[in-house]
Amino acid sequence: MNGGPTGFNNASVTRAFVIACALFTIFFGIRGRPSKLGLSYQDIFKKLQLWKLIVSVFAFSSTPELMFGLYLLYYFRVFERQIGSNKYSVFIMFSVIVSSLLEILALSLFKDPALNLLTSGPYGLIFSSFVPFYFDIPISTRFRVFGIRFNDKSFIYLAGLQLLLSSWKRSILPGICGILAGSLYRINFLHIRKMKFPEFISPFFTRLSSPATGSSSTAAPSRNILGNAPSYVGRQVEGNYPSSIGDPAAIEPPEDSIATLVSMGFDRNSARQALVRARNDVNAATNILLETQSH
């Protein structure tokens, strides 16, 4: 199991979010205030320090949390590749807003001094992502270590457990709120899964994060593999597979078929076009994509 192709190809929103987390953590770490950025009931409702609602989403409170957090965010870019940048932006916003509201509600209800200052960082997004990770990412490898059973998803769970317990109560509560937010998204609360941002979101984050990375090669728009392939490849594919022209049932492939090809590392748009050409046959579409990439 892996997150698909290395780097942030077709994951511009994730790249921008990871860069923002790193920059916020470094900036406030230099100023010596990383441990004071977490949410507390008193700061929000008594002191009206509303700026913490934004800063606490991006800045981690320690270097170990930053390392594990960025690793998990980097892996979970696979979800942006599956559903597209526009819908993934909705997932990020929903997870962050709902988990933050749940944290504030919990602080006001518990009134526990030990929970007076929650740890900062994108715990809501990270642990919200564990919900689709559990349900949608299949296990591909199983193995034993000293008689204990593991699989290829175990390392992601262990990294999440380390992050969840990094600050004990201060980090457990944000993690639980994130899982609840992910569960609400999973059950399509308020039909949230049908929403998406305008089409300019992906190009916007691509341009936004390109200067920070110093390279535009990985920030290029999603490649249309079938469209960029030489013309003789297109003719070869058309000869080997039946055309979908004039077949209304093959115009729009099922979302789960597209997600299957995207999880294999193919570009979303190319996967959709291959499914259209293959009449929604996933195996035939895979062959089309592999034949196209080989030229």
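Scroll up to find the structure.
Below: a short report on this structure. (Residues numbered from 1 in each chain as written. Predicted model: local features only at pLDDT ≥ 70, side-chain atom pairs only at ≥ 80, totals over all residues. Heavy atoms only, no water.)

## Topic: the pairing of strand β2 (residues 148-151)
Along a regular strand, successive side chains alternate from one face of the sheet to the other. Both strand β1 (residues 142-145) and β2 contribute to a ladder of 4 bridges, which runs antiparallel. Residue pairing in the sheet places R144 in a bridge with R149 of β2. In sequence, β1 turns back onto β2 through a hairpin of 2 residues, with F146 there showing a positive phi of about 55 degrees. (Pairing = 2+ DSSP bridges. Helix = DSSP H or I, 4+ residues; strand = E, 2+ residues; numbered from the N terminus.)

## Some details on the pattern of salt bridges
The final tally for this structure, using the stated rule, is 3 salt bridges. Taking the shortest distance from any N to any O, the salt bridge between D136 and R186 comes out at 2.9 Å. With D136 in helix α7 (residues 123-136) and R186 in helix α9 (residues 169-186), the pair connects residues that are 50 residues apart, well separated along the chain. Exposure remark for R186: the relative accessible area of 29% places this residue in the partly exposed category. The salt bridge involving R272 is made with E252; its shortest N-O contact spans 3.8 Å. With R272 in helix α14 (residues 268-277) and E252 in the loop between α12 (231-240) and α13 (255-263), this pair connects stretches of sequence that are 20 residues apart. (Salt bridge = Lys/Arg side-chain N within 4 Å of Asp/Glu carboxyl O. Buried < 20%, exposed > 50% of the residue type's maximum accessible area, 1.4 Å probe, protein only.)

## Focus on the packing of helix α4 (residues 63-75) against helix α8 (residues 154-164)
Helix packing for two helices is described by the angle between their axes and how far apart those axes are. Axis separation between α4 and α8 bottoms out at 10 Å; the angle between their running directions is 140 degrees. The angle between α4 and α8 falls in the class oblique. Crossing geometry of α4 relative to α8 is assigned as left-handed. Residues E65, F68, G69, Y71, L72 and Y75 of α4 form the contact with α8, whose own contacting residues are I156, A159, G160, Q162 and L163. (Axes fitted to C-alpha atoms, helices over the stretch in contact; angles between N-to-C directions. Parallel < 35°, antiparallel > 145°, perpendicular 65-115°, else oblique. Left-handed = near helix turned anticlockwise from the far one by under 90°. Contact = heavy atoms within 4.5 Å.)

## Some words on the nonpolar core
Counting residues in each nonpolar core, the largest one holds 39 residues, and the members touching the most others are F17, L72, L73, F76, I126, F130 and F133. Secondary structure elements with two or more residues in this core: α1 (12-30), α3 (52-58), α4, α5 (77-83), α6 (85-110), α7, α8 and α9. Leave out the neighbours within four places in its chain, and F76 touches Y88, I126, S129, F130, F133 and I156. Formed by 12 residues, the second largest nonpolar core is a distinct cluster that contains A271, L275, A278 and I288. (Core = buried A, V, L, I, M, F, W, Y, C linked by side-chain atoms within 4.5 Å.)

## Focus: the environment of F205
Mapped onto the elements of the fold, F205 is located in helix α10 (residues 201-213). For the pair F205 and V13, spaced 192 residues apart in sequence, the C-alpha to C-alpha distance is 5.6 Å. Ignoring any residue separated from it by four or fewer positions in sequence, one finds F205 in contact with S12, V13, A16 and S89.

Remember that the coordinates give geometry; whether it matters functionally is a separate question.
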